[in-house]
Amino acid sequence: MRLTRGRPWFAGAAALALVSTAVTFLALQSAEAAGLGSGSYATTRPAGQAPPAGCGSIGTNPRQWVTANAPAGAVPTNDWWSSLLFKKFNCAYSEPLVAHPLNFKPANNGLGVSYTTEAAISGTANGVGEYHFPYTTEFTLGVAGLNSPDTKVDGWTDWTVTPSWSDGARTLRATIGHGLPFVYARTSGGNAQLTFGGAPTIWSNSGARVGFTVRGHDYVAYAPTGATWTVSGSTISSTLAGKDYYSVAVLPTTPSTPAADRTALANTYGTYAHNHVTGTRVSWAYNQGTSTVNATYAFTTTAREGSGSGTVVSLYPHQWKALTGATPIAQTYVSPRGAMKTLTGVSSFTTGTKYQGVLPEIPAVADSSGADLTTLGGYLDQVATGDPLAGFGDDTYWTGKGLGRAARAAEIADQLGRTAQRDLLLNAIRTRLTNWFTASAGEATRLFVYDANWGTLIGYPASYGSDSELNDHHFHYGYYIAAAATLAKFDPAWAANGAYGSMVNLLIRDANNPDRNDTMFPFLRDFDIYAGHDWASGHGAFGAGNNQESSSEGMNFANALIQWGQATGNTAVRDAGLFIYTTQAQAIQEYWFDSSNQNFPSTFGHNTVGMVWGDGGAYATWFSGEPEMIQGINMLPITGGSLYMGYKPAYNTTNWNELVTNNGGPPTVWQDVLWSFQALGNGDAALANFRANTGYTPEEGESKAHTFHWLRNLAALGTVDTSVTANTPLYSVFTKNGAKTYVASNLTGSPLTVTFSDGRTLTVPAGKTATTGAFTWVGGGGTSNPPTSQPPTSNPPSSQPPSSQPPSSQPPVGSNLFYLRSGPALNTTAGGTAGTQTVSAANGNYDGTPHNPVTYTRCGITGAPNGGATAFSLHVDAGTAVGQGIQVRVSYAFTGGTYGRTETYRYFATDPVVGTEQYTQAVGLSSSTGSLAAMSNGCVRLEVWNAIGNAATTVRIDASAANGRQSTLTIPYTV
C-alpha cells in the first residue's frame, strides 16, 4: 500500500484495479505528441482526465494567481509556499506558509505573522503521535484600510516568495522566505500598519524604530529614516515619511534576555533592516578529489536607503553543522527543525558536506558456495522468470515499484555471472520503459503528457494525486530513472539522447530540474533548497504546511540522478543528484531520525517520525498506523543508494528497538525492509532474523533474492565507514572488527583506479564493481571468501593500512584444489549446476597485461610449498569467433597483503568450433616474479582475461562431478 498526499484517503488493490481498467478504454483527445529522440510524449491528456486544479475549477491555470512582475516560465509547485498558487482549499488567500523562523498566513487585510516556540504534542509515547509548532497570528502586517479580495504572487526566488495584495486603492507586497527573520514590505495608498488582537507591549519607540512584544516574542519594526511609529491601542502605524518601504524582524530573544542584549540585537538587525532581500540563489560544486559537495546560498539585497549590503539569515541544523568560514551569533531561534543559528551582515554562506558514496548494488563478497548460493539462486529464479513486472499496478507509482524490483535483481544476477537471468530482467525493463516513453495516437495508458499551464509532465494512469495535485513526482519517477540507469550500463545505445535518454532526462527535468534556465519546468520542483529535503504535496495547502513521509523514496530519486548521470556521462545531472543526496542525507538524520537527539521536542516520546510537516513531525503515515510502516516508509526502497541510513550505526539499533517496543514484538509486515535497515547497524542480527523467518511475505517492491543478498553481504562487510572517502562517485567503505573493505564501481569502458582518502587504491575493471581490503563472513554454515579484487601489485606494502589485511580469524582452507564458482569465487567444494562466466572482449592486444579480467580469489590459506607447480584446468569457449586468445595470471599473497609471487601464462588460442576447450598450465609460463614461500592466512588470486580478439569468451563454472568439465585451480602447497 502506498501513501497519498492531499486530504487523507485510502485506496486498496481493488480500487487501483478499477482505475486501471477504466483508463484502458480511454483514448487521446487528439494525436498531438512531441518527439524526443526515439521517444515521445503527449501534449493532450487522455479523454476524461482532469487537469491539476485548485479550489474548484478556478485553479486550472496558476498564472491567474501571479502578477505581471512574476518570472516567466513554469510556476513552482511542491514548495513551502505553494498554496499561494494552488489555492487548493482557500480560494482567495492560502493556508499557513511555514518559513522558519517566522510563519505567515495571508488574509484580506495583509500578512499574518507568527513565531511559535512551544510545541503542541498529541498521542502517546508508544502509539501514533505528533508534534507541531502551530501557526497563531501574533499581528498582521499591512496597509491601513487594505481589503484585498485575494493574494497573488508578485515573484519568487530559490527560497523566497513575494505575496501581493491590492484592493484598487491600496497595495502591499511582502517578501518572506526560509531563514529570514525579517519581513520586507512595500506599500502604497495608505499608512503602514501592524494590527494586533490586543495591545502589544512596547519596549522601545524612538524615531523610525519601534520594539514590541507579543506572546513573549520580541519584534522590531523599522521605518525609513525620518519616519516615526504611532501606537494606538491594538495598532501600530507609520506614514513612512512619504516612503513606500518598511521591515519587521523577530529577535532571537527569550523572556529572560537582558534588556541591554535585546537592544544590542535590535541595533545590529537595524544595520541591515533596509537592505531588502530581493533574490536568493543556490549553487553547488562537487569536489571529486575530496569527495565534498560545496553549496553556496547567496542573497541579493537592494538598499532602500543608503548603500549598504548584507543581511541577517538563520540556518537550519543541517546547514550550520556543515557551515564553513563563518561564525553565527550566540542567540538561536526555535523551530520545528531544532535550533536555528544566525549570521549577520552576510551576502552568502557556504556549506561543505562530505559525500560518502553510493553503489549500483552491495557487492557480492560473502560466501558464494553451498547452501547459501543455492538459496540465493532459488530466490533469483523467483524474480527472473516470465514477466518480472507482472502483478504490479499499471499506474506510475506501481510501475516504478516493479521496475525497481527488477533492476535490483538484474544487478545481483550480473554480479553472480547469471547473464541469462540478468538479460531477461533487463529486457523486461527495456520493454516497459520504451512503452512508457512512446506516445501514439489512441494511446491512453503508459504514456506521459506535458501540461503547459503547470509546466509539468504527468504519467497516465496517475495515482495518489500525481495528476490532480502534482504529488509525488520524485517518488514515482525516481524508480523509472533508477531502472534506466541500470539498463544504461548494459545498453548504452538505448540510453543515448538520440534514443530514449532524452525521455529519462525529461522525467528528471519535471521532478527536480537542475537547469534554472529551462522554461518548460520549474527549477528543482520537489526539492526545498533551503530546508534541505523534498516536499511531496504539490499544493502544500495544509494548516501544518507541506509534508513528506517517504524521505527514502526522495533519496531514491537523488541516487537515481547520480547513477544515471554517471552511466550516461551527464555530469550536470550527476552533480545535481550529489547536491540533493548529500544535503537530504543530513536533513534526514536531523529531521526524520533526529539521530543526534537534539531537534525533536523533549516530550515527544519518539526517536523517529514517519512524516515531517512544515510545522512539526508525526509518528504516523497517510495510509497506516502500523509501526512497521510508519518507520519502514522512510527506509524503502533498499538500494545501493540506501547507505546514508547507515552513517550512524548505533541509531539503527535505536530505531529498531523503538519499532519492537511500539509493535509489541518484532515486525510482522515489511520485515525485509526493516531487516535491511537493521543490517546497516548490525548485519549479523539482521541476517539471523532473516534465517529464522524465511517464510515472510516480501514488501511489494522487494524480493527475497535482493534482501538475502543485501543481508548476507552486509553481515560480511560490516557497517558504513564514514571516516574514509574516495575520488569517484560510486564507492563505499565498510568496517567490521577493525578491518576495512573498500568498494568502487566503474561504469566506463576502461579500467579505473580509485584512490581513497587514507591512501588505499583500487583498480576497478570496466563495467564492474570491485573490492579490496578485508572482511569476515559470519553468516553461519559458510566459509570466508576474499574481496573480488585485491590491491594492485604496484601498491607498496607501506601504503596499505594494517586494518585492511585479511583477519586472522578467517576459517582455514583445507584443500589445495579450488573450483571456479559464481561470484566470481574459488571454493574447495564443487558446484551443483554448470554455468558460464563471460570474459569481456579484448578489442586490442593485452598479451601479458590483465585487461577487464574476471578475478577469482581465495584467502585463509596456511601451508608450505610442496615442491610442485601451479596447475589449472579451465574449460573455455569462444563460440564461432576467430582470432581469440584467453590468458591467465596466478598470484600468491603469503600473509594476505602484498602479492609476492606472480605467474603469467601464455594465452590460449581458441578455435571457432562451438564447444569448450581445455586451457591448462601446459601452455607454459610467459613470465613470473618472486618465489613461492610458506603461507599464513594467505591468498591466491586467479585472473582470466582475453589477451586478443574482438569477441567475448566464456569459462565453464559451478560444474559438479556429474556435470564434468570442471574448471579448477591447484596450488603447489600442502595445507
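We now turn to the structure provided with this report.

## Brief notes about the packing of helix α15 (residues 671-679) against helix α17 (residues 704-717)
Step number 1: Close contact between α15 and α17 brings their axes to 10 Å; oriented N to C, the two are set at 20 degrees. Considering their axes alone, α15 and α17 lie roughly parallel with respect to each other. α15 and α17 meet at a crossing whose hand is left-handed. Side by side, α15 and α17 meet where D672, W675, S676 and A679 of the first sit next to T707, W710, L711 and L714 of the second.

## Some thoughts on α15
Step number 1: With respect to burial, α15 is a largely interior element, 9 of its 9 residues being buried.
Step number 2: Taken together, the buried positions of α15 are Q671, D672, V673, L674, W675, S676, F677, Q678 and A679.

## Examining the pairing of strand β12 (residues 182-188)
Looking along a regular strand, one sees side chains alternate from face to face of the sheet.
Step number 1: In terms of burial, β12 is a largely internal element, 5 of the 7 residues being buried.
Step number 2: Here strand β11 (residues 171-177) runs beside β12; their pairing, made up of 5 bridges, is antiparallel. Bridging from a neighbouring strand, T171 pairs with S188 of β12.
Step number 3: Hairpin connection from β11 to β12: 4 residues lie between these consecutive antiparallel strands, with G179 at a positive phi of about 75 degrees.

## Structural notes on unusual backbone geometry
Step number 1: Each neighbour pair has its own omega, and for H100 with P101 the value is 5 degrees, a cis peptide bond.
Step number 2: Along the chain, P101 turns up in the loop between β3 (97-98) and β4 (103-107).
Step number 3: Backbone geometry at A241 places phi at a positive 55 degrees, although glycine is not the residue there.
Step number 4: Locating A241 in the fold gives a position in the loop between β18 (235-238) and β19 (245-250).
Step number 5: Phi is positive for N937, which is not a glycine, with a value near 55 degrees.
Step number 6: Relative to the assigned elements, N937 resides in strand β50 (residues 935-948).
Step number 7: Here N937 falls in the buried class, since its relative accessible area comes to 12%.

## Regarding the packing of helix α7 (residues 419-436) against helix α8 (residues 473-490)
In a packed pair of helices, the relevant descriptors are the angle between the two axes and the axis-to-axis distance.
Step number 1: Contact pair α7 / α8: the axes reach a minimum separation of 10 Å and the direction vectors enclose 125 degrees. Our classification of the angle between α7 and α8 gives oblique. The two elements α7 and α8 meet at a crossing, and its hand is left-handed. Every residue of α8 that contacts α7 at R422, L426, I429, R430, L433 and W436 is listed here: Y480, A483, A484, T486, L487 and F490.

## A look at the packing of aromatic side chains
Step number 1: Tallying each qualifying case throughout the model produces 63 aromatic pairs.
Step number 2: Look at W159 and Y530: their rings are 5.2 Å apart centre to centre, the planes differ by 35 degrees, and that puts the pair in the tilted class. Residue W159 is found in the loop between β9 (152-156) and β10 (160-166), and its partner Y530 is found in the loop between β29 (527-528) and β30 (533-534); the two are separated by 371 residues along the sequence.
Step number 3: On the basis of relative accessibility, which here comes to 0%, the residue Y530 falls in the buried class.
Step number 4: Measuring from centroid to centroid gives 4.6 Å for W284 and F579, while their planes differ by 5 degrees, and the two rings are stacked. A residue pair is termed long-range when its members are at least 10 positions apart, and W284 in strand β20 (residues 275-287) and F579 in helix α12 (residues 571-592) qualify at 295 residues.

Basis of the calculations
- Residues numbered from 1 in each chain as written.
- Predicted model: local features only at pLDDT ≥ 70, side-chain atom pairs only at ≥ 80, totals over all residues.
- Heavy atoms only, no water.
- Axes fitted to C-alpha atoms, helices over the stretch in contact; angles between N-to-C directions.
- Helix = DSSP H or I, 4+ residues; strand = E, 2+ residues; numbered from the N terminus.
- Parallel < 35°, antiparallel > 145°, perpendicular 65-115°, else oblique.
- Left-handed = near helix turned anticlockwise from the far one by under 90°.
- Contact = heavy atoms within 4.5 Å.
- Buried < 20%, exposed > 50% of the residue type's maximum accessible area, 1.4 Å probe, protein only.
- Pairing = 2+ DSSP bridges.
- Phe/Tyr/Trp six-rings, centres within 6.5 Å; stacked < 30°, edge-to-face > 60°.

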